[in-house]
Amino acid sequence: MSISSLHRGYQVLRTLLHYGLDELLAKDKRPKLFPLIRGCFFWIRNQHKDKSAAERLKLAMQELGPVYIKLGQMLSTRRDLLDDEWAYQLAMLQDRVPPFDSALAREAIETELNASIDSLFDDFDDVPLASASIAQVHSATLKSNGKAVVLKVLRPNVEALILADLQLMSHCAALLERILGDGNRLRPAEVIEDYRLTILGELNLKLEALNAIKLRNNFLDSDALYVPYIYEDLSFTRLIVMERIYGIAVSDLSALKAQGTNLKLLAERGVELFFTQVFRDNFFHADMHPGNIFISRDHPDNPYYIGLDCGIMGTLTDVDKRYLAENFLAFFNRDYQRIAQLHLESGWVSEHTDIVAFEQAIKIVCEPMFNKPLAEISFGHVLLALFRTARQFNMVVQPQLVLLQKTLLYIEGLGRQLYPQLDLWQTAKPFLEQWMAKQVGPKALFDKFKSNAPFWAEKLPELPELVYDNLKLGRKLLGTQQQMLDKYLKYQHKAHKSNYLLITSAVFVICGTILFTQAVTLWASLLCLGTGAGLWLLGWQARPKNRKL
Ligand SMILES: Nc1ncnc2c1ncn2[C@@H]1O[C@H](COP(=O)(O)OP(=O)(O)OP(=O)(O)O)[C@@H](O)[C@H]1O
């Protein structure tokens, strides 16, 4: 561990003790060295006894800075791991970071562009539009076409800071995992690994640019989502240049109402958008926090979403998608046996799972959800309940499924906030049913054939040759088999001959011995014994030597 890691470790420990978070570790779980470590920090006392533990954790993370704030925000969405009070407190963490010096921003931008800002842009604003933990956003006008753009640039040295914090977090998580032992619900190592992948993805702005281009292309003709144009040749690992948008923040409900936005349509479009991204495109925006979603200002009667920050995108395998859709449909049909079977078939839970017990457990958590009207049942909560149950049956929930569940929960929450009467089931059901119909039945078969058509078209001219080659190969194989059979028969024949001679020799030897003991003529006895020995020698010589065919 480097000096800077040790120093950071000291800062983290001091902050945790200052907020009395050592009390969270149950007395019987504390490592042996704990009293010694605590004694070294005897002057640090819990100054926040009046606050709940969840609130103290939030304050500690806020104090520890951006990397911990982001971790807290991510944790707040893991309702499968945290109780409501903890999730609620962590969700309140604000990623408000003071901007960094614009001279540094200019320097970083020019290094990436390998050109001066003034040669490419007019009106570069030194006061950032926004400043977050990882990047800072400045506005400007592109000289070449006069269009308003924004430049998103990574904070200087942010990678090193994040890597150092991640290293420390991994050590702590491993230690905590050992202390808590098997069967703990928090799974610190898994959470940190999940976080590591997420945050490292956000550090590569080129990847974010490519994701944004793909999402934009998927929704080019859409009434529901707009993704700003990316200037790909001006985008690099530490810089993105993109079209500037002027939407209303989705959390600004009063501004949306003031312009007369059709909130019902907007809420429904949100749910539709999610299902389109997951099931049609298999590419969904998985970082849907309010700072990344804006609403159009023009045509408030026909509003659309504007999506920013495509750093974290999710994809699912075809199998996962299929089982997901079937799970939802089975849930709304209250077919818990089918849900259990689906988990087994998809390999989400082991084939050795006690299916009856699993079905019962699913029923216990799902059935109470039907106490409220169908319209109010949240798909995100259904998934959450299923994952929680499946975890008890050792299902390791794949990170992409957790991303999906989190996004779904967020989208539904947003929809409800915009339009509290939103009927989730009516909005999502037709979509799922249509998708399922496309997956099974004759049309699906035809579609599959159609999608494989280019492959067959390519292979068709080679078909006669392929058939000929296969027949030739078949004959060759048959020939080889015939040779093996011949060898086997020869071997059997030799083995029989040898056995026959050995048995006959034994008969002669036995007869010779009997004649000798019965005092019959010596010559007869010796003849018998001699013939037996001769036959035995012949049999021994004739035995097959090589047992391999
Ligand atoms: N194309 C744009 N047009 C106008 N404003 C933008 C644009 N892109 C980003 N912004 C502003 O900058 C803010 C931060 O952008 P973005 O979310 O991409 O940065 P970030 O560093 O990834 O932040 P976080 O990690 O907190 O999501 C947005 O909330 C928005 O206010």
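All of these numbers come straight from a predicted model, not from anything done at the bench.

Undergrad: I tried to follow the overall build of the protein on my own but got confused; where do I start?
TA: For the protein, the helix and strand inventory stands at 21 helices and 11 strands. Taken over 549 residues, the protein has a buried fraction of 42%. With an accessible surface of roughly 30300 Å², the protein has 60% of that area assigned to carbon and sulfur atoms.

Undergrad: Looking at this structure, how should I read the side chain of Asn 327?
TA: With respect to the helices, strands and loops of the structure, Asn 327 is situated in helix α13 (residues 318-332). In this view, Asn 327 contacts Ile 339, Leu 342, His 343, Trp 348 and Leu 386; residues no more than four positions away in its chain are not counted.

Undergrad: It is not clear to me how empty space enclosed by the protein should be interpreted in this structure. Could you clarify?
TA: Leftover empty space is mapped by rolling, across the atoms, a probe with the size of a water molecule. By the definition in use, this model includes 2 cavities of 30 Å³ or more. Put simply, the largest cavity is a space of about 120 Å³. What lines the largest cavity is a set of 15 residues, among which Leu 225, Leu 273, Met 288, Ile 293 and Tyr 305 lie closest to the centre. Elements with a minimum of two residues in the lining of the largest cavity: α12 (263-281), β10 (305-307) and α17 (399-418). Lining the second largest cavity are Glu 208, Ala 212, Val 227, Pro 228, Ile 230, Ile 240, Met 242, Gly 307, Leu 308, Asp 309 and Cys 310. Sorting the residues of the lining of the second largest cavity by element identifies α10 (205-218) and β6 (239-243) as the ones contributing at least two each.

Undergrad: Hey, could you run me through the environment of Val 137 in this one?
TA: Mapped onto the secondary structure, Val 137 falls in strand β3 (residues 135-142). What Val 137 contacts, discounting residues up to four positions off in sequence, is Pro 128, Leu 129, Ala 130, Val 150, Leu 151 and Lys 152.

Undergrad: In this structure, what is going on with the pairing of strand β4 (residues 148-154)? I would like to understand it.
TA: Looking down a regular strand, the side chains alternate between one sheet face and the other. A large share of β4 lies buried, amounting to 6 of its 7 residues. As paired elements, β3 and β4 share 7 bridges and run antiparallel to each other. By the bridge assignment for β4, His 138 is matched with Leu 151. What sits between the antiparallel neighbours β3 and β4 is a turn of 5 residues, in which Gly 146 has the positive phi angle 70°.

Undergrad: Would you take a moment to explain the site of the ligand for this structure?
TA: Around the ligand, the structure places 20 residues, and the nearest of them are Lys 152, His 289, Gly 291, Asn 292 and Asp 309. At a separation of 3.0 Å, a nitrogen atom of the ligand approaches a polar backbone atom of Glu 243. One nitrogen or oxygen atom from the side chain of Asp 309 is found 2.8 Å from an oxygen atom belonging to the ligand. Considering the ligand on its own, with 610 Å² of exposed area, one finds that the protein chains cover 88% of that surface. Elements represented by at least two residues in the shell around the ligand include exactly β3, β4 and β6.

Thresholds, definitions, all that
- Residues numbered from 1 in each chain as written.
- Predicted model: local features only at pLDDT ≥ 70, side-chain atom pairs only at ≥ 80, totals over all residues.
- Heavy atoms only, no water.
- Helix = DSSP H or I, 4+ residues; strand = E, 2+ residues; numbered from the N terminus.
- Buried < 20%, exposed > 50% of the residue type's maximum accessible area, 1.4 Å probe, protein only.
- Areas by Shrake-Rupley, 256 points an atom, 1.4 Å probe, with all protein chains shown as cover.
- Contact = heavy atoms within 4.5 Å.
- 1 Å grid on protein atoms, 1.4 Å probe; cavity = no way out; pocket = protein on both sides within 12 Å on 5 of 7 lines; lining within 4 Å.
- Points joined across faces, edges and corners; volume = space filled by probe spheres on them.
- Pairing = 2+ DSSP bridges.
- Near = heavy atom within 4 Å.
- Polar contact = N/O pair within 3.5 Å; in protein donor to acceptor, adjacent residues only side chain to side chain.

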